[in-house]
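Commentary on secondary and tertiary structure
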Amino acid sequence: MAIRNTQTVVEALTDGDPKVRNTQTVVEALTDGDPKVRNTQTVVEVLEATNYFQLAQQFVQVISNNDPSGNEFQLAQQFIQIISKNPIAVQDFTGDDGDPPDSDFWSVTDGTPTIQSNDLELLVNSSNTKDGVKTKKLVGGNFEIVADINVDDYAAQDNWKAGVGVNLSADEYFEINREYDNVNGHSIVVRTADGGAETVYRVSDTTTDTKLKIKKDGNVFKGWYWDGTAFVEVNSSDTVGLTPDEFWTYMVAETKNNEAQLRILVDKFTILSGYFADAFLQNVYITIIQ
Amino acid sequence: MALLYAEGFEGYSDIDQYEESGGVVIPSYIQPYLSFGSGRNGGQSLINSGGVFQEELTIPFTYPATNNTPVIAGFAIKFNNAMTNGDQLFRIFGDLFNFSGLVGQSGSVLFYTHIANNLNIGSYPIVQGKWYYFEIKYYADNINGIAEFKVNEEIIFSWSGDNYYVSRVTPYCIKFGWNGWMDYQIDDVYVVDTTGTSFNDYLGDIRIDAIFPSAAGNYSQLTPSAGNNYECVDESSFDDTDYVYSANSGDKDSYDYDAVPTDLDDAAIYTLRMMSFSKRTVASDNIKMKHLIRQGGVDYVQSEQSLADDNFSKVEDFVFEDPSDSNPWTKAKINSAEFGVEVG
């Protein structure tokens, strides 16, 4: 056998990947010259796979201004919350005509103040020159006091004043009044003293129906009056320091003499903030010794 | 302006609606024990009947994280039954509870500020069935820390020192009633920080009243789902079975409102808060709303606000002054105004 030459070609298609489908095996066999020389060659040729485009999903996005014409606004409920200060005390002077003001709250300092048509009447006439009340409890902390007053009748010539104040003693006080005198005319006046001479701040105004407000912040006092629209601070550039933390509060109507009548009606007295100094006891401990 | 939170619990129908309004975080396991009851000055308060251990009612507030300042919170509280030693009443909460009040023996509230351990800094005796107005001031610092407590506007204690723990912790919520079975009511809650020129200090004992629409105002341009426009939105307890609606920007509704409670003082009104429960029907910002105030025949609108599209949700505006004269609100000014809405 001189030459054996055998070639076998196998082409196989695979099940798994149709892109690999051509496999060739070549076997070249021995020659006669030297039986020891065997030449075997195996060639495996993998043909290039076919490249396919595949599409699994397609869609179109429409990008536009989000402005649906059917969008509606709907409102199911609406209300207003009013956030306000809860006063620590309100005296509205309801009661029978002729009665004194609430004796649990007030002590009478001058004259005979009485309830009249659910107002507190401070009346000065031929029999006296001063009518006034004072709270029975000290007010402490950063407090704010408002008195709604109406000047019902006043003397055309006599000097007079009526208002609200806080004090520690005869020469330690801060008060704001509706006043009249022959030199300055009608005005709103802050009078204050911290143990020495009185300091006066004045704003001209003829209002007869107003509110007078005192506010203490730390040891600084300020005074306002209601001009019919808003509270107006009397001389806002100045403040007055009174160092103690607890004060008596009072209202008073007063004339220079008793020649004519001054009638002040207080509709409401409010302590908006602060606290009553003896309102409650704190941290009371009892030790029982056996 | 530093008013971070205020709530009087008026206008809500149930706890679900209250929670959905964004006013509070309520775990589901305590929700059955919460309800609304009579408020301190009329209206509503929030009752926690205390039926479950480790209950926790969280009132979050938005705190200016870049401006770490003292925070002040106030709330009215009344205890309805006996208290258990160790019940946690409240805590100002950051990453850790920083200033807390625990009910102690003999019905006292014991106060703690947190360093490495709770540090007892004071106490106050309380009585069941009585309303108190608590105010607390807190600031975490390793030198100038503050833990201050007031009852009915009087300072009970004022502690200062090192209450710095781990890091300076910025408070962001108040939590009520953790680790206990307390039965209590809260009302008239506020939170302020100390920045700005107003609402930057103790507000004192506040009250929050609500007034509701009572008659038609100048405008009825929205469409009512039934009846008159104002009758669709006048519920004192939330009800979305009727409502007003519009798809037209610029449409207005305005309503006359109930009179302000007569016992409020003109000098005492801090602010108004307009509250609307509203929504849009499609999730698109092409429709919004503005609160409307009509005073003296002139319209004043607040800033435009976006709307939710799932449920009727709270849209609020604090209106600190009468827009017609930029002066504080008075009873007369509130009573003379119409309030309503403009479609944006």
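As a reminder, the structure under discussion sits directly above these lines.
These remarks concern the structure in this document. Everything quoted here is computed from the prediction, not taken from an experiment.

On to the interface of chain A and chain B, then. If you look at the interface, chain A gives 41 residues, while chain B gives 84 residues. Roughly 5,200 Å² of surface becomes buried between chain A and chain B when both sides are summed, with 52% attributable to carbon and sulfur atoms. Inspection of the chain A/chain B interface yields one salt bridge. Here Lys85(A) ties to Glu153(B) by a salt bridge, and the two come within 2.4 Å at their closest N and O atoms. At the boundary of chain A with chain B, the tally comes to 29 residue pairs in polar contact (both at pLDDT 80 or more). Secondary structure elements with two or more residues in the side of chain A that touches chain B: strand 1 (73-85), strand 7 (139-153), strand 12 (209-217) and strand 17 (262-276) of chain A. By residue number, the principal contributor to the side of chain A that touches chain B is strand 1 of chain A, which donates 13 residues.

On to the layout of surface pockets. Put simply, the largest pocket is a space of about 1,400 Å³. As for the largest pocket, its lining consists of 48 residues, and the residues nearest its centre are Glu144(A), Lys215(A), Tyr202(B), Leu203(B) and Tyr270(B). Here the residues of the lining of the largest pocket are counted per class, giving 19 nonpolar, eleven polar and 18 charged.

The subject of this paragraph is the packing of aromatic side chains. Geometrically, a pair of aromatic rings is defined through the distance of the ring centres and the angle of the planes. Enumeration according to the criterion identifies 35 aromatic pairs over all chains in this entry. Ring geometry for Tyr124(B) and Phe149(B): centres 6.2 Å apart, planes at 65°, overall edge-to-face. On the criterion of sequence distance, the pair formed by Tyr124(B) in strand 9 (residues 118-125) and Phe149(B) in strand 11 (residues 145-151) is long-range, its members being 25 residues apart. With a relative accessible area of 0%, Phe149(B) lands in the buried category. Each ring, one from Tyr243(B) and one from Phe312(B), has its centre 6.0 Å from the other, and the planes form 45°; the classification is tilted. Within this pair, whereas Tyr243(B) is found in the loop between helix 2 (229-233) and strand 18 (244-246), its partner Phe312(B) is found in the loop between strand 22 (298-301) and strand 23 (313-319), the two being separated by 69 residues in sequence. With a relative accessible area of 22%, Tyr243(B) lands in the partly exposed category. Aromatic rings pair up to connect Phe79(A), Phe9(B), Tyr12(B), Tyr18(B), Phe36(B), Phe212(B), Phe238(B), Tyr243(B), Tyr245(B), Phe277(B) and Phe312(B) into one cluster.

Quick look at the side chain of Glu148(B) now. All names here are of chain B. Tracing the backbone through its elements, the reader meets glutamate 148 in strand 11. Separated by 2.5 Å, the side chains of glutamate 148 and serine 158 make a polar contact. Setting aside its immediate chain neighbours within four residues, glutamate 148 contacts Phe99, Glu135, Ile136, Lys137, Ile155, Phe157, Ser158 and Tyr202.

Here the focus is the environment of Ala226(B). Residue and element names in this part refer to chain B. By the element assignment, alanine 226 lies in the loop between strand 17 (223-224) and helix 2. For alanine 226, a relative accessible area of 42% gives the class partly exposed. Residues alanine 226 and threonine 241, spaced 15 residues apart in sequence, show a C-alpha to C-alpha distance of 9.2 Å.

So, how was this worked out
Counting starts from 1 at the beginning of each chain's written sequence and moves along it residue by residue. Labels follow written order: the first chain is A, the first ligand is 1, and so on. A pLDDT threshold of at least 70 governs which residues receive local features in this predicted model, and a stricter bar of 80 or more applies before side-chain atom pairs are shown or counted, although totals over entire chains, interfaces and linings include all residues. For the side-chain quantities, the full set of heavy atoms in the structure was used; hydrogens and water were omitted. Contacts are assigned to residue pairs with any non-hydrogen atoms lying within 4.5 Å of each other. Here the quantity called buried area is the total loss of accessible area, with a 1.4 Å probe, experienced by two parts when brought into contact, counted for both. Criterion for a salt bridge: a side-chain nitrogen of Lys or Arg within 4 Å of a carboxyl oxygen of Asp or Glu. Any N or O atom pair separated by 3.5 Å or less is treated as a polar contact, with the protein-specific requirement of one donor-capable and one acceptor-capable atom, and with residues adjacent in sequence counted only for side-chain atom pairs. Only DSSP runs of H or I reaching four residues or more are called helices, and only runs of E reaching two or more are called strands; each is numbered from the N terminus. Whether a set of points on the 1 Å grid over the protein atoms alone is a cavity depends on a 1.4 Å probe fitting there but being unable to get out, while an open set qualifies as a pocket with protein on both sides within 12 Å along at least five of seven lines; lining residues are those with an atom within 4 Å of a point. Grid points are joined across faces, edges and corners, and a volume is the space filled by probe spheres set on the points. Polar here means any residue other than Ala, Val, Leu, Ile, Met, Phe, Trp, Tyr, Cys and Pro, which are nonpolar, and Asp, Glu, Lys and Arg, which are charged; Gly is therefore polar. Aromatic rings from Phe, Tyr and Trp, taking only the six-membered ring of Trp, are treated as a pair when their centres fall within 6.5 Å; an angle between ring planes under 30 degrees marks them as stacked, one over 60 as edge-to-face, and anything in between as tilted. Relative accessibility under 20% of the residue-type maximum defines a buried residue, over 50% an exposed one, and the middle range a partly exposed one, all with a 1.4 Å probe and only protein chains included.

Geometric values such as these leave the question of function open.
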